[in-house]
Amino acid sequence: MFKNEPGRPEAPNGLAAALVASSDVPLLLLDDNLTVIAASRSFCAAYRVDPGTLSGSALAMIAGGQWAVPQLRALLRATAAGNADIEAYEMELAQPDGDPRKLVLTARRLDHGDVDHVYLTLSIADVTDTRRAVKAKDDLIREKAVLLQELQHRVANSLQIVASVLLLSARRVQSEESRVHLRDAHQRVMSVAAVQRQLAVSTASDVKIASYMRDLCDSLGASMIGDHDRISIVVTVDDSTATADVAVSMGLIVTELVINALKHAFPGLRHGIIKVSYESMGNAWALSVVDDGVGVPSGKNAPKPGLGTSIIEALANQLRAKVETADLNPGTRVSIIHA
C-alpha cells in the first residue's frame, strides 16, 4: 500500500509506511498535494477501498469522489502550510447506498526535518453509531419529558376534580365534624394540585423553591383567607433549587403548617401574619413557618397530635430533617432543619 512517488525523496520510508498500514484506526499519509502516500488496512476495510489502487491517488478521487469535500480540502491545505491543525473536525461522508456516515477527523503536519517536502497524517474516527445512539437517547428524553408534562397536567386536573367533589360533599353533610374533615381533605388535595402546577412548568429535576413556595402560598391564601386585610402570608426564600421529590415534600409540609396556622392561630377577628421562609447553605437548609397568633396551648390544654403532625414528621423523616417547634410568645415557629 505504499510506494515512493517519482521525484520524491525517501522521506516516508518503509518503516513509516508499515506503521501507517498497521494502524488499528483508519489512517492516511498524505503529501502537500493531498495525494495518498500510504493508508492503513483498517482504512481500506472501513471505506471499501482497494489497497492496490489507493497509493498515488488524490484524496478527492478516493471511492468515486466521496472525499472531495471542499471544506476538508481547505483545512488540509492550511495544515500542510503550517497554519493550522485539524482537531476533531466533524464531517459527513456521503454513501451511495445509505445515510451519510458521521466522521471525526484529525490531521497533523509531520515534522521530519525536510522543509521541501511536507507530509500529513489524517486519522478518521467513524462516530455514526455513537451519534445515532445519542440522538435516540435525546429523542427518548424529549418524549419522556413530554409524557411527564402531560401526566402532570392530567394529575393536576384530576386533583381539581377531587377537590371540587370534596368541597361539594362538605357543604351537603349534616355533621360538623364530617364537614371539617372533608374541608381538611379538600385543602390537602388543593396543595398537591398546586405542587403539580408548579412542577408542570419546571424541569423534572430542578424546581425553583422561591416561585414554587409563592405559588403554593398564594393558592392556600386564595382558598382559605376570607379577609386578606386581616391575615396575610409572606414568603421569604433564597434562590435555591431542589429536586422535584424534595420540593413536593417541602410543599406538603408548608401546606400542613399554613393550614394549621390559619385554623388555630387567629381565632375570632384576630389579625396576624404567617411567614414562610427557606434558606440554604451548601447541603444544609432550614424551612420554617412562623405566625404571630395565640400560640400552642400547653399542659392539659395542649392539643393531641393529629393527622397533620404525623404527615409533617413523616415527610421530615423522608428529607432526613428534624422538626423543631418554638413558642414565640406570641406566636409559634415550626422549623424543618436539614444539617
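All of these numbers come straight from a predicted model, not from anything done at the bench. (Residues numbered from 1 in each chain as written. Predicted model: local features only at pLDDT ≥ 70, side-chain atom pairs only at ≥ 80, totals over all residues. Heavy atoms only, no water.)

**Focus on the pairing of strand S2 (residues 36–39)**
Link 1 in the chain: Here three bridges tie strand S1 (residues 27–31) to S2, and the two strands are oriented antiparallel to one another. Bridge assignment links Leu28 to a residue of S2, and that residue is Ala39.
Link 2 in the chain: What sits between the antiparallel neighbours S1 and S2 is a turn of four residues, in which Leu34 has the positive phi angle 60 degrees. (Pairing = 2+ DSSP bridges. Helix = DSSP H or I, 4+ residues; strand = E, 2+ residues; numbered from the N terminus.)

**Considerations on the packing of aromatic side chains**
Link 1 in the chain: On inspection of all chains with the given rule, the structure shows four aromatic pairs.
Link 2 in the chain: Ring geometry for Phe43 against Tyr47: centres 5.1 Å apart, planes inclined by 40 degrees, an arrangement best described as tilted.
Link 3 in the chain: A relative accessible area of 0% places Phe43 in the buried class.
Link 4 in the chain: Pairing Tyr47 with Trp67 gives two aromatic rings, centres 5.5 Å apart and planes at 80 degrees, and the pair type is edge-to-face. In this pair, Tyr47 sits in the loop between helix H2 (41–46) and helix H3 (51–54) while Trp67 sits in the loop between H3 and helix H4 (70–80), placing the two residues 20 residues apart along the sequence.
Link 5 in the chain: Judged by its relative accessible area of 6%, Tyr47 falls in the buried class.
Link 6 in the chain: Following the ring pairs from residue to residue traces out a cluster consisting of Phe43, Tyr47 and Trp67. (Phe/Tyr/Trp six-rings, centres within 6.5 Å; stacked < 30°, edge-to-face > 60°. Buried < 20%, exposed > 50% of the residue type's maximum accessible area, 1.4 Å probe, protein only.)

**A few points about the pairing of strand S3 (residues 86–95)**
Link 1 in the chain: Relative to strand S4 (residues 98–109), S3 runs antiparallel, the two being bridged by seven bridges. Of the residues in S4, the one forming a bridge with Glu92 is Lys102.
Link 2 in the chain: Where S3 folds back on S4, the antiparallel hairpin that results is connected by two residues.

**Concerning the sheet that holds S3**
For sheets, the rule is that strands pair by backbone hydrogen bonds, running either parallel or antiparallel.
Link 1 in the chain: Pairing is antiparallel in the open sheet, where five strands are placed in the order S2-S1-S5-S4-S3. Across the chains shown, the open sheet's two edge strands, defined by having one partner strand only, are S2 and S3. Going from strand to strand, the sheet's axes swing by 30 degrees on average, the running direction of each strand aside.
Link 2 in the chain: The pairing of S1 with strand S5 (residues 119–126) spans five bridges and is classified as antiparallel. Each bridged residue has a counterpart across the sheet, and for Leu29 the counterpart in S5 is Thr121.
Link 3 in the chain: H4 rests against S1, S3, S4 and S5 of the sheet, and its axis sits at about 150 degrees to S3.
Link 4 in the chain: Contacting S3, S4 and S5, helix H5 (residues 128–172) runs over the sheet at an angle of about 120 degrees to S4. (Axes fitted to C-alpha atoms, helices over the stretch in contact; angles between N-to-C directions. Contact = heavy atoms within 4.5 Å.)

**Digging into the environment of Val276**
Link 1 in the chain: Along the chain, Val276 falls in strand S9 (residues 272–281).
Link 2 in the chain: Residue class for Val276 comes out buried when judged on its relative accessible area of 1%.
Link 3 in the chain: In contact with Val276, other than residues within four places in its own chain, are Cys217, Ile233, Val234, Val235, Thr236, Val254, Val258, Ser288 and Val289.

**A closer look at the sheet that holds strand S7 (residues 231–237)**
Link 1 in the chain: Read across the open sheet, the five strands follow the order S7-S9-S10-S12-S11; overall the sheet is mixed. The open sheet has two free edges, formed respectively by S7 and strand S11 (322–327), since each of these has just one partner strand. Neighbouring strand axes in the sheet, compared pairwise and without regard to direction, differ in orientation by 10 degrees on average.
Link 2 in the chain: Judged from the eight bridges that link them, S9 and strand S10 (residues 284–291) form a sheet pairing that is antiparallel. Residue pairing for S10: Met281 is matched across the bridge by Ala284.

**Some details on the packing of helix H7 (residues 209–224) against helix H8 (residues 244–264)**
Link 1 in the chain: Running from N to C, H7 and H8 cross one another at 35 degrees; their axes reach a closest spacing of 10 Å. Regarding H7 and H8, the two cross each other, and that crossing is right-handed. Only Ala247, Val248, Met250, Gly251, Val254, Thr255, Val258, Ile259, Leu262 and Lys263 of H8 make contact with H7, whose side of the interface consists of Ile209, Tyr212, Met213, Leu216, Cys217, Leu220 and Met224.
Link 2 in the chain: Residue classes in the contact of H7 with H8 are distributed as 14 nonpolar, two polar and one charged. (Left-handed = near helix turned anticlockwise from the far one by under 90°. Nonpolar A, V, L, I, M, F, W, Y, C, P; charged D, E, K, R; others polar.)

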